[in-house]
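Descriptive analysis of the structure
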Amino acid sequence: MSSFLSRKLLWRRSFVTATLPRHVFRKDTINSSVQYVAYAVRGEIPLKAAEYEKRLRLGDKLPFDSIVWTNIGNPQQQPMLGQEPITFWRQVAALTEYPQLLDMPAAVRDSMFPSDVQERAQELLKAFGSVGAYTASKGVPLVRQHVSDFLQQRDGYAENIENIYLTAGASSGISALLQILMRPNRDGLLIPIPQYPLYSASASLLNLAALTYRLDAQQHWEPSLTDIKAKIDEARSQGIEPRVIVVINPGNPTGACMTRAEVEDMIKLAHRESLAIFADEVYQDNVYNKDRPFVPFRRVLMELQNSQDASEREIGSSVELVSFHSTSKGMVGECGRRGGFFVLNNMDAEVEAQINKVVSMSLCPPTQGQIGVDLLVRPPKPDEPSYELWRHQMDSIYHTLRSRSQLIADSLNRLPGIFAEPAMGALYVLPRVHLPKSVSDRARQLGKKVDELYCLELLDETGICVVPGSGFSYEPEVLEDGSTLSCFRITVLAKETQAMVDRFTRFHRAFMDKYP
């Protein structure tokens, strides 16, 4: 080959190489749906808070000396939240993680681990073999049987363990089922507003129509069946088929607890409108108002299924229900273990087979998460050595969360323009804020929403990280005079709650003076 031809070929290769994109994956070549996904609890404000925290570690001088992370329900986050783990949980986890501890001299072993902890660990090790090994895709049968026993005790009705799936937290189960059950560019997902942003984010990612129904702030955030029906009819008129209605009970971010009548009405609406129900019940142990106890959707569905009334039996036997629970919330707050489960009721057998097939692609849920589920649904019994300490720790955390909720609500209610209800349940208070028109004007100048501006300035001045209501799809309401009603979510997890409230109080008064 002549030197000329060689140079020409080299030039062609160089030209082609130079004109090809350097990266295979760019923003314009990845899944376009990703660009519409928003997840505010880890969005702009938390990211800015993380930058501030980094600067504090480097010795920078800021108006505050610490970040108070009240943006997410992560109870054991250190150091500002730092809820202590439940001893029984960590002892069983230690023995299952390092079984050789069971082989220590008896006197040493027994001084460290009560007998019921040792027995539980041995039982779990026999079922798991090793926490480093894969398990059945649905989870270890022994743990699923214990979940069934838990459901029997809670609801009065046991469950076939084949309808119980252990998961890596509730979120993974929700995401997987939406992907399996919902048809893109065709189906609608009914989501309560305000809502936990996992649902709207999943709808965006999966190309589902997010059909939002409002919760009534004036009526303890109760759902409106009239509004739900209107949203269903509107969607169908546009060629969208509503398939699933999401219910979060106790509510996130509202903290509201549904009555039995509300639960039954929602089931009957689902029957009339041919909807399945996703019951997100991960906060079922976080209930602080005795007048509003937690009512499981599954219990009401099973009561209808066993009713003396034939029409109720038909409803209870036909409405498809998926119930979700998690080890991340309640009093244990084991978020990082990623343990949870969902229960299928009235699901078509062929559909269940497809769910099982897709779940199997992930091989199995985390083994320590599965062990966490076992500890969640089968805590120590009153006659066992670990019970007294377990009961003391659970009660202490419960009363602390309840008193913090009351303290935050009482303190914020003393501030101008703020109304806050103590949480009936969950881990959050959702104060509403009336802000003058001058705040709207400033927000517009900055290209921000009113509640975003408020929460950003709160972070800048105090280090308190909260989530604006618009992050939960609850947009600020503009009143006739140009002022706005908006809200923000704050957790009840800060160890130094009074100090946090004092920071907040100083900020809010100064903010209202700044924007008359």
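Model, not experiment: these values are computed from the prediction. (Residues numbered from 1 in each chain as written. Predicted model: local features only at pLDDT ≥ 70, side-chain atom pairs only at ≥ 80, totals over all residues. Heavy atoms only, no water.)

Observations concerning the layout of surface pockets
Stated precisely, the cut-off is as follows: A 1.4 Å probe that fits but cannot get out identifies a cavity on a 1 Å grid over protein atoms alone, an open set with protein on both sides within 12 Å along at least five of seven lines counts as a pocket, and a residue lines either if it has an atom within 4 Å of a point. Grid points are joined across faces, edges and corners, and a volume is the space filled by probe spheres set on the points. Numbering of helices and strands runs from the N terminus, with a helix taken as a DSSP run of H or I at least four residues long and a strand as a DSSP run of E at least two residues long. All residues other than Ala, Val, Leu, Ile, Met, Phe, Trp, Tyr, Cys, Pro, Asp, Glu, Lys and Arg, Gly among them, are scored as polar; the first ten of these are nonpolar and the last four charged. The domain limits used here are those given by an automatic or database domain assignment.
Considering only enclosed or pocket space, the largest pocket measures out at about 850 Å³ in volume. Taken together, 28 residues make up the lining of the largest pocket; nearest its centre are Phe-150, Asp-285, Leu-376, Pro-379 and Trp-390. Where the lining of the largest pocket is concerned, the elements lending two or more residues are helix 6 (141-155), helix 14 (367-377) and helix 15 (387-413). In terms of residue count, helix 6 provides more of the lining of the largest pocket than any other element does, 5 residues in total. Residues that form the lining of the largest pocket fall into these classes: 16 nonpolar, 5 polar and 7 charged. In terms of domain composition, the lining of the largest pocket takes at least three residues from each of domain 1 (38-69 + 391-514) and domain 2 (129-377).

With respect to the pattern of salt bridges
Our working definition: Salt bridge, as applied in this entry: a Lys or Arg side-chain nitrogen positioned within 4 Å of an Asp or Glu carboxyl oxygen. To sort residues, take the accessible area from a 1.4 Å probe on protein chains only and compare it with the maximum for the residue type: under 20% means buried, over 50% means exposed, and anything in between is partly exposed.
In total, this model carries 35 salt bridges according to the counting rule given. Here Glu-222 ties to Arg-292 by a salt bridge, and the two come within 3.2 Å at their closest N and O atoms. With Glu-222 in strand 5 (residues 222-223) and Arg-292 in the loop between strand 7 (276-280) and helix 11 (297-305), this pair connects stretches of sequence that are 70 residues apart. One salt bridge connects Asp-233 with Lys-229, and the closest N-O pair in it is separated by 3.1 Å. Taken together, the residues span about one helical turn, with Asp-233 and Lys-229 both in helix 9 (residues 225-237) at a distance of 4 residues. You can call Lys-229 partly exposed: its relative accessible area is 33%. Look at the salt bridges and you will find they share partners, linking Arg-154, Asp-155, Glu-159, Arg-298 and Arg-299 into a network.

Thoughts on the sheet that holds strand 4 (residues 209-216)
Note the cut-off: Note on pairing: DSSP must find at least two bridges between two strands before they are called paired. Throughout, a residue-residue contact means that at least one pair of heavy atoms, one from each residue, lies within 4.5 Å. Lines fitted to C-alpha atoms define the axes, with helix axes restricted to the stretch in contact, and inter-axis angles between N-to-C directions lie between 0 and 180 degrees.
The strand order 2-9-8-7-6-3-4-5 describes an open sheet built from 8 strands, whose pairing is mixed. For this open sheet the edge positions go to strand 2 (164-167) and strand 5, each flanked by a neighbour on one side alone. Bridge count for strand 3 (residues 187-193) against strand 6 (residues 241-248) is 4 bridges, and the pairing is parallel. Each bridged residue has a counterpart across the sheet, and for Asp-187 the counterpart in strand 6 is Glu-241. Lying over the sheet, helix 6 contacts strand 2, strand 8 (321-326) and strand 9 (340-345), oriented at roughly 115° with respect to strand 2. Helix 9 contacts strand 3, strand 4, strand 5 and strand 6 of the sheet and is inclined by roughly 160° relative to strand 4.

So, the packing of helix 5 (residues 115-128) against helix 14
Quick note on the threshold: If an angle is under 35 degrees, it is roughly parallel; if it is over 145, roughly antiparallel; if it lies from 65 to 115, roughly perpendicular; otherwise it is oblique. In this scheme the handedness of a crossing depends on how the near helix is turned from the far one: anticlockwise by less than a right angle means left-handed, clockwise means right-handed.
Packing of helix 5 against helix 14 brings their axes to within 12 Å, and their N-to-C directions diverge by 135°. Between helix 5 and helix 14, the angle falls in the class oblique. Crossing hand, helix 5 versus helix 14: right-handed. In this structure, helix 5 uses Arg-120, Leu-124 and Phe-128 to contact helix 14, whose residues at the interface are Thr-367, Gln-370, Ile-371, Asp-374 and Leu-375. A breakdown of the residues in the contact of helix 5 with helix 14 according to their chemical character gives 4 nonpolar, 2 polar and 2 charged.

Concerning the domain arrangement of the protein chain
Test applied: Here the buried area means the combined drop in accessible surface, using a 1.4 Å probe, for two parts upon being joined, counting both sides. For the purposes of these results, a polar contact is taken to be a pair of N or O atoms within 3.5 Å, where, inside protein, one atom must be able to donate a hydrogen and its partner to accept one; residues adjacent in sequence count only when each atom of the pair is a side-chain atom.
As assigned here, the protein chain comprises domain 1 (38-69 + 391-514) and domain 2 (129-377). Using C-alpha coordinates to define each centre, domain 1 is positioned 29 Å away from domain 2. Each partner contributes residues to the interface: domain 1 has 23 residues there, and domain 2 has 31 residues. In total, domain 1 and domain 2 occlude about 2,600 Å² of area from one another, counting both sides; carbon and sulfur atoms represent 61% of this. On the surface where domain 1 and domain 2 come into contact, there are 14 residue pairs in polar contact (both at pLDDT 80 or more). When the residues that make up the side of domain 1 that touches domain 2 are grouped by side-chain class, the tally is 16 nonpolar, 3 polar and 4 charged.

Observations concerning the side chain of Gln-83
On the secondary structure map, Gln-83 appears in the loop between strand 1 (68-69) and helix 3 (87-97). There is a polar contact of 2.8 Å between the side chain of Gln-83 and the backbone oxygen of Met-331. Those residues in contact with Gln-83 that lie beyond four places of it in its chain are Pro-75, Gln-76, Met-331, Val-332, Gly-333 and Ile-397.

Some thoughts on the packing of aromatic side chains
Under the convention used in this document: For Phe, Tyr and Trp, where Trp contributes only its six-membered ring, two rings pair if their centres lie within 6.5 Å, and the inter-plane angle classes them as stacked under 30 degrees, edge-to-face over 60, or tilted in between.
On inspection of all chains with the given rule, the structure shows 16 aromatic pairs. With 5.0 Å between their ring centres and 80° between their planes, Tyr-454 and Phe-511 make a pair best called edge-to-face. With Tyr-454 in helix 17 (residues 450-462) and Phe-511 in helix 18 (residues 497-514), the pair connects residues that are 57 residues apart, well separated along the chain. You'll find Tyr-454 and Phe-511 in the same group, each marked buried. Among the aromatic side chains, those forming a connected cluster through ring pairs are Tyr-454, Phe-488, Phe-504, Phe-507, Phe-511 and Tyr-515.

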